Amino acid sequence: MIDSHMHTRFSGDSEADPLDMIKAARERGLDGVCFTDHLDLDYQEEPHLFDLDIEGYISYMADLKKRYETSDFKIYTGIELGLKSELAQKHHELLKEYSFDLVIGSVHVVNGRDPYYRSFYDGISAREAYRLYFDQVLSNIRSFDEYDTLGHLDYVARYGLKYFNEPLVLSEYKDQLEAIFKHLILHGKALEINTGSFRYGMKEPNPSYDILRLYYDLGGRDVTIGADAHSPQTVGDHFEEVLRRTGPYFRFFRKFRLDHPEYQN
């Protein structure tokens, strides 16, 4: 099993040394790692926080792979793109220029604001925030198709729980989630199971088991799993528990781009 979502000092919100992340993954018995440092263009909350030195990042990770990958431990270089409909062309051009093993498409911003910050919720309820967020997810994935897996689908629920103590109840957003899942399935995309939620006091991954069950019932089978680790201490966090509950039902995505003929130039 590979932790396919992690951040290092190349991301604006992490100081982790990539080598320390590799060591942590080995200690936890993982089969490999996929680094997925942030690129959120035009991030208005803290401008340039999630800019990425792509050439430096790719060069560094290629050297790391050469030095530390073994036959039983794989090292991949991915990216987490902050999706926005208006950035679709820029993201398209970027992925034409640079090659990544895995592209996570994530939604961190709604109408220019990140649900991570308390100010996002000014004047709206948690329920209104959740609906706004899922509307944005659907709009973004309809505008851009070049990601491999949809990251932390209910990202907003982490902070709705923090600020409102109001969990996300599937029945209230089922119509939106069904539309998102049907789009993913139709276009051959995977859904990420993100265990970073546990660090926010949640008892289940993002998305929750109920939401994962809906994805399954609609025909979704392809998933990735990632801890969204920003430090070595959380690499592979809660994987054993989550895999025990989801492993029998899903195909864990291994179509890393540079290993797969359809992505070869």
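Each value, and the rule that gives it
- As a convention, each chain's residues are numbered from 1 in the sequence order in which they are written.
- Since the coordinates come from a predicted model, pLDDT governs what is reported: local features require at least 70, and pairs of side-chain atoms require 80 or more to be given and counted, while whole-chain, interface and lining totals use all residues.
- Where side-chain values are given, they derive from all heavy atoms of the structure, hydrogens and water being excluded.
- In this scheme, a residue with accessible area under 20% of its type's maximum is buried, one over 50% is exposed, and one in between is partly exposed, where area comes from a 1.4 Å probe on protein chains only.
- The numbering of helices and of strands both runs from the N terminus, where a helix is a DSSP run of H or I of at least 4 residues and a strand a run of E of at least 2.
- As used here, the arc is the angular range of directions from the helix axis to the C-beta atoms.
- Here a residue-residue contact requires only that any non-hydrogen atoms of the pair lie within 4.5 Å.
- Think of it this way: DSSP has to see at least two bridges between two strands before they count as a pair.
- By salt bridge we mean one thing: a side-chain nitrogen of Lys or Arg within 4 Å of a carboxyl oxygen of Asp or Glu.
- Throughout, nonpolar core names a set of buried Ala, Val, Leu, Ile, Met, Phe, Trp, Tyr and Cys residues whose side chains join them through atoms within 4.5 Å.
- Ring pairs shown here join Phe, Tyr and Trp side chains whose ring centres sit within 6.5 Å, with only the six-membered ring taken for Trp; geometry is labelled stacked below 30 degrees between planes, edge-to-face above 60, and tilted in between.
- By the criterion adopted, a ring carries a charge over it if an Arg CZ or a Lys NZ lies within 6 Å of its centre and within 35 degrees of its normal.
- A right-handed crossover is one whose linking path, passing over the helix from the first strand to the second, runs clockwise when the strands point away from the viewer.

1. Structural notes on helix α8 (residues 239-246)
Then step 1. When α8 is considered as a whole, its buried residues turn out to be F239, V242 and T246. One side of α8 holds all its buried residues, which, seen down the axis, span an arc of 75 degrees. Facing away from the buried side of α8, by more than 90 degrees, are the exposed residues E240 and R244.
Then step 2. Each element contacted by the buried residues of α8 is listed here: β1 (2-3), β6 (190-194), α7 (209-217), β7 (222-226) and β8 (251-252).

2. Points about the pairing of strand β4 (residues 103-106)
Then step 1. Across the two faces of β4 the burial is the same, with V103 and G105 and I104 and S106 all buried.
Then step 2. Direction of pairing for strand β3 (residues 74-82) relative to β4: parallel, over a ladder of four bridges. Note on β4: the bridge partner recorded for I79 is V103.
Then step 3. Judged from the two bridges that link them, β4 and strand β5 (residues 149-150) form a sheet pairing that is parallel. Residue pairing in the sheet places G105 in a bridge with L150 of β5.

3. Focus on the pattern of salt bridges
Then step 1. Summed over the entire model, instances satisfying the criterion amount to ten salt bridges.
Then step 2. Between R213 and D210 there is a salt bridge whose closest N-O contact spans 2.8 Å. Of this pair, R213 and D210 both sit in helix α7, three residues apart, which is roughly one turn of that helix.
Then step 3. Given a relative accessible area of 46%, R213 falls into the partly exposed group.

4. With respect to the nonpolar core
A general trend in soluble globular proteins is that nonpolar side chains are found buried together.
Then step 1. Within the largest apolar cluster, 71 residues are counted, with the highest numbers of intra-cluster contacts made by F35, F100, L153, I180 and F181.
Then step 2. Examining the composition of this core, we find that eight residues originate from one element, helix α4 (residues 126-143), more than from any other.
Then step 3. Apart from residues no more than four positions distant in its own chain, L153 is found in contact with Y133, F134, V137, L177, I180, F181, L191 and I211.
Then step 4. Residues I2, C34, L102 and I104 belong to the second largest nonpolar core, which totals five residues.

5. Details of the packing of aromatic side chains
Then step 1. Considering all chains together, one arrives at 18 aromatic pairs under this definition.
Then step 2. Taking the centre distance of 5.0 Å and the plane angle of 85 degrees together, the rings of F120 and Y121 count as edge-to-face.
Then step 3. A residue is classified by how much of its surface remains accessible, and Y121, at 2% relative accessible area, is buried.
Then step 4. Among the aromatic side chains, those forming a connected cluster through ring pairs are Y116, Y117, Y130, Y133, F134, Y155, Y159, Y173 and Y200.
Then step 5. Directly above the aromatic system of Y60 lies the positively charged group of R9, at a separation of 4.8 Å from the ring centroid.

6. A word on α7
Then step 1. The complete set of buried residues in α7 reads Y209, I211, L212, L214 and Y215.
Then step 2. Note on α7: the residue one or two positions beyond its end, G219, has a positive phi of about 110 degrees.

7. Some details on unusual backbone geometry
Then step 1. In the segment running from N206 into P207, the intervening peptide bond is cis, with an omega of -5 degrees.
Then step 2. Along the chain, P207 turns up in the loop between β6 and α7.

8. Concerning the pairing of β7
On a regular strand, each side chain points to the face opposite its neighbour's, so the side chains alternate between the two faces of the sheet.
Then step 1. With respect to burial, β7 is a largely interior element, four of its five residues being buried.
Then step 2. Taken together, the four bridges between β6 and β7 define a ladder with parallel strand orientation. By the bridge assignment, I193 is partnered in β7 with I225.
Then step 3. The parallel pair β6 and β7 is bridged by α7, and the resulting crossover is right-handed.
Then step 4. Sheet topology note: the β7/β8 ladder contains two bridges and is parallel. Directly across from D222, in β8, lies its bridge partner R251.
Then step 5. Where the polypeptide runs from β7 across α8 and back to β8, its parallel neighbour, the crossover connection is right-handed.

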